[in-house]
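Close look at the chain arrangement
Now for the letters of each chain:
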Amino acid sequence: MMRITSGILKNKKIKSREGRETRPTLERIKEAIFSIIGDKVVDSRFLDLYSGTGNMGIEALSRNAKRTIFIENNQEALRIIIENINDCKLENKSRAYKNDVLRAIEILSRKNEKFDIIFMDPPYKENLTEKTLMHISDFSLLDDDGIVISEHSIYEKISDVVGKLVKYDERDYNKKIISFYKYNL
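A few points on the structure. As the structure is a prediction and not an experimental result, all values here were calculated from the model.

What counts and how
- Residues numbered from 1 in each chain as written.
- Predicted model: local features only at pLDDT ≥ 70, side-chain atom pairs only at ≥ 80, totals over all residues.
- Heavy atoms only, no water.
- Helix = DSSP H or I, 4+ residues; strand = E, 2+ residues; numbered from the N terminus.
- Buried < 20%, exposed > 50% of the residue type's maximum accessible area, 1.4 Å probe, protein only.
- Core = buried A, V, L, I, M, F, W, Y, C linked by side-chain atoms within 4.5 Å.
- Contact = heavy atoms within 4.5 Å.

**Here's the deal with unusual backbone geometry**
One non-glycine residue, Asn127, lies in the positive phi region at around 50°. Within the fold, Asn127 resides in the loop between strand E6 (115-120) and helix H5 (129-138). Its identity as a non-glycine residue notwithstanding, Asn174 has a phi of 65°, on the positive side. Tracing the backbone through its elements, the reader meets Asn174 in the loop between strand E9 (165-173) and strand E10 (176-183). Asn174 sits in the exposed class, given a relative accessible area of 59%.

**Quick notes on the nonpolar core**
Counting residues in each nonpolar core, the largest one holds 28 residues, and the members touching the most others are Ile37 and Ile149. Every element with two or more residues in this core is listed here: helix H1 (27-37), helix H2 (55-62), helix H3 (75-87), E6, strand E7 (142-153) and E10. Broken down by element, this core gets its largest block of residues, five residues, from H1. Setting aside residues up to four positions removed in sequence, Ile37 forms contacts with Ile117, Ile147, Ile149 and Phe180. Among the nonpolar cores identified, the runner-up in size contains 23 residues, and Tyr50, Leu108, Met120 and Val148 belong to it.

Everything listed here is a matter of geometry and, on its own, says nothing about what the molecule does.
Structural data, given as structure tokens:
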């Protein structure tokens, strides 16, 4: 079990999957990320890629994001995300889709979706971070003044510039790195 750290759902417990397949963002890292982005989350359109438990997107909704879309490829993880959304009574502010993230980015782009905040935490061993960032850039999923927050392993080296995105901040949390990107306008 994890808990929501702030906002209208503060201290609400949400479910996680058994085993090691899902690595929810640690509570202290989650709090640090939301502290860094501050009020930017209020009224934002939030995209949670490689959602796992839905932990980050639900936290965003608790902190008054307008809407969150969750993308997860694993059926069991998606079931837990939907359960967490329903338990938190957030059905009217969120959608959860089972899909490959890269394919989902293309579909969202075709629907002219734009997001203020995109959070991504791909499986560490698959080196998907830079490929996902490039897809976000290529398919213009980010609003002009939006940000992409990427959680990745310290062992995965990510370029400072990926397509139209440029890294403007990076934080080191032991074996995890949180990188922040925005458009290079």
